[in-house]
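Here is what each chain is made of, one letter per residue.
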Amino acid sequence: MFSLPINEEFREFINEMFKTLLDWHPTLGTYLGLHEYDPYMDDYSKEQVLREINTMEKWLDRLMEFDLKQLNQMNRIDWELLRRSLEIELFMNRDLRLWERVNNLGNIIMSAIYILFVKDFAPFEQRLQSIISRLTYTKKIARDLKKRCVRPVKTWSKIASDILQHTVGFLKIIEEAAKATGVPEDILDKYIEVETKSSNVLLDFKKYLDEEVIPEAPDDWAIGRENLKKLLELRGIKESLEEILAMAERVKKETIEEVKKIGNELYPGLSVKEIFERIKEEHPKSPEEALEAYRKAILEAKEILKKTGIVPLPEGEDLMVLRTPKPFVPILPQAGYMSPGKFEKQVGIYFVTAEPDRLKMHYYAGIKNVSFHEAYPGHHTQLVWTNKHPSIVRVLASMSAVEFVEGWAHYVEELMVMKGYADKKVRLAQLEDQLLRALRVILDIKLQSGEMTYEEAVEFMKRELGWPEPVIRGELNWYIQRPGYPLSYLYGKVKIKQIKEKMKKKLGDKFDESAFHKAILEEGVLFLDILEKVLEEKLLKST
C-alpha cells in the first residue's frame, strides 16, 4: 500500500481534523469565512461533548506517532501547537467538565446569528435565510443544555439570564432591519414565525433559570489552585503562581509611581484616583460622538504605522467600528474586537460599548490607547497577519495561546506611547490600563484559587480603581467564566518584552525593531515559549 511522505501525511492529518471540527462546529466555519456552514448550528448535547472528547484522545494518540525529527520546521511547530491545544481541550472538557456548568443559551444564539447579521459577505436576504435556519435549532439547544448542565453555577446562571432578555430584543432588531431592507414577504413571514418561536423558547429558558436553577445553584465557579496551575502549565507557562503574582505586584507598584510622576507634572497635588478622574473629564457627550472618536483614533493610528513602519501593516485589511450589541454589554464593559475569518475579506469589527451611562469611560486619551490595543497595531493588525499564514493551526491556536494574543495587544499600547506617538494624557490612560492588567493577574489567581470571593473582588476593584460598580461587575463577570485568561494580558506583555531584550543582547547593533515585530506577526499565533525559540532561529539566521 502506498504511503505518503511524512510531511504530507501530517498535513493530511491536520486537514482531516479541521474538517471534523467544522462538522462539529459549523459556527466556527462561519467565523473563519466558510459560509457553506452558515445555515447550521453546533450540537450542544452531552453525547456530542463525550464524542468530541473520545475523538480528541484518539487524535492525541495519533499525533504522538509522528517522528518529530522527520517533520519540517513548520510542521514541528504545528505539531507542538496541536499537542498543547488538544491537551488543553481535554483538560477543560474531560477533566474539569466545565460543559456541565454552562447554560448560556442566549450567548450561544446571539453569537451564532450576530456574525451573520453584521458581516456583509452576501446580500442581506441570503444571510437572513441562514439566520432563520440557525434559529430553528433554538429549542433543541435549550433542551440539550438543560440535560447536560447538571452542575450549574449561580452567578454564571444570573449572567445567562440577563443575556436572554437582550437576545430576544436583538431578534426584534433583525425583524426591523428585514422590513427596512424590503426582503421578500415570504422570507419576512418565515423569519417572524421562527423569531416568535425562538423568543418563546428563550424566555421560557430565562424563567427556568430564574425560578429553578438560580435559587438552588451553588456559586462554586472557582476551578481551584491546582487546576489553575495545571492549565497554565499546559499553555507553556513555567512560572509558579507566586512568581506571577509577584510580577503583577511589582508592575502595580511601578505603574502607580509613574502615574504619580506624570500626574505631578500635569495635575499637581492630585491623588492617583483623582489623576485618573481628571483625564476622564474630556470625553464625548453622546454615544454617536464616542463612535466617531474611535473611528478617528484608528485612522490616526493606522497612519502612524504607514509613515513609520514600526509595525508592518498587512495588505488588504480594513476595520469598521460598531456599537456593542445589548446582549454583550454585561460582559464587554468598554470595547472588543471580532477578527475577520481566514477565508474571507479581511475586514475586522471593533465593538464599542458606548452606553450613555458609560461615556466617561470613553474619554479621548483612553480611546487612543484602547484603539492601539484593539486595532492598530494591536489585535486587528496581529490577527489579519495570522490569517495570512498558510497553516490553519496558527489561526486556531488563538483560542489557546491567549498570552500571545493579549500580550501583543498590551505590548503595543506601551510601544506606541513610548515611541512618542501619543501625549502624556494617553500615557496616563495606558498606565491605568496597565494597572488594570496587573489587578487582573491578582484577581484571576485569587478568585480561581478560592482566596477571594466575588464580592471581595468588587470591593478590591473599587479601592484600587474607583470605577462604578456596574462596570466592575461587568469585568468580574467574564473573569470568573474564563479561568487563566485575565492574567494573560500582563504576563504576555512582560514575556514579549523579555524576548525583545534577549534578542537585542544577542543581535547588538544588528537588532531592528521593525524586523522583530514583523518576525513575530508573520508566524501566526504561537505559545510564547515556542515564539521565543522561533525568533531566535529566525532573527539570528537572517543576520
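Residues numbered from 1 in each chain as written. Predicted model: local features only at pLDDT ≥ 70, side-chain atom pairs only at ≥ 80, totals over all residues. Heavy atoms only, no water.

J.: Give me the lowdown on the sheet that holds strand E2 (residues 335-338), citing residues and values where you can.
T.: Taken together, the three strands give an open sheet; going across it, the order is E1-E3-E2, and neighbouring strands pair in mixed fashion. Every other strand in the sheet has two partners, leaving strand E1 (317-323) and E2 as the edge strands with one partner each. Each neighbouring strand pair of the sheet contributes to a mean axis angle of 20°, computed without reference to strand direction. In this sheet, strand E3 (residues 346-352) lies alongside E1 in parallel orientation, the contact comprising seven bridges. Pairing of leucine 322 across the sheet is with phenylalanine 351, part of E3. (Pairing = 2+ DSSP bridges. Helix = DSSP H or I, 4+ residues; strand = E, 2+ residues; numbered from the N terminus. Axes fitted to C-alpha atoms, helices over the stretch in contact; angles between N-to-C directions.)

J.: Any details on the pattern of salt bridges? Residues and values, ideally.
T.: Taken as a whole and judged by the stated rule, the model has 58 salt bridges. Between glutamate 317 and lysine 302 there is a salt bridge; the shortest N-O distance is 2.9 Å. Highlighted residues: glutamate 317 in strand E1 and lysine 302 in helix H13 (residues 287-308), separated in sequence by 15 residues. A relative accessible area of 10% means that glutamate 317 is categorised as buried. Accessibility expressed as a relative area gives 16% for lysine 302, which makes it buried. Here arginine 323 ties to glutamate 355 by a salt bridge, and the two come within 3.6 Å at their closest N and O atoms. Of this pair, arginine 323 sits in strand E1 while glutamate 355 sits in the loop between E3 and helix H14 (364-374), placing them 32 residues apart in sequence. On the basis of relative accessible area, glutamate 355 is assigned to the buried category, the value being 7%. (Salt bridge = Lys/Arg side-chain N within 4 Å of Asp/Glu carboxyl O. Buried < 20%, exposed > 50% of the residue type's maximum accessible area, 1.4 Å probe, protein only.)

J.: Tell me about a negative patch on the surface, and name the residues and values.
T.: Residues Glu125, Glu185, Asp186 and Asp189 make up a contiguous surface patch of negative charge. The element best represented in the negative patch is helix H9 (residues 185-213), accounting for three residues. With respect to the helices, strands and loops of the structure, glutamate 125 is situated in helix H6 (residues 124-135). Of the residues examined, glutamate 125 reaches a relative accessible area of 33% and is grouped as partly exposed. (Patch = residues over 30% accessible without salt bridge, like charges linked within 9 Å, V, L, I, M, F, W, Y side chains within 5 Å. Areas by Shrake-Rupley, 256 points an atom, 1.4 Å probe, with all protein chains shown as cover. Lys, Arg positive; Asp, Glu negative; His and termini not counted. Charge placed at Lys NZ, Arg CZ, Asp CG, Glu CD.)

J.: Outline the nonpolar core, listing residues and values.
T.: Among the nonpolar cores identified, the biggest contains 152 residues, and Tyr350, Leu443, Leu476, Phe516 and Leu535 are the most heavily contacted of them. The dominant element in this core, judged by the number of residues it contributes, is helix H18 (residues 424-448), at 13 residues. Leaving out residues up to four positions away in the same chain, phenylalanine 516 has contacts with Tyr411, Ile496, Ile499, Lys500, Met503, Phe511, Leu535 and Leu539. Grouped together as the second largest cluster of nonpolar side chains are 44 residues, Ile109, Met110, Ile115 and Leu128 included. (Core = buried A, V, L, I, M, F, W, Y, C linked by side-chain atoms within 4.5 Å. Contact = heavy atoms within 4.5 Å.)

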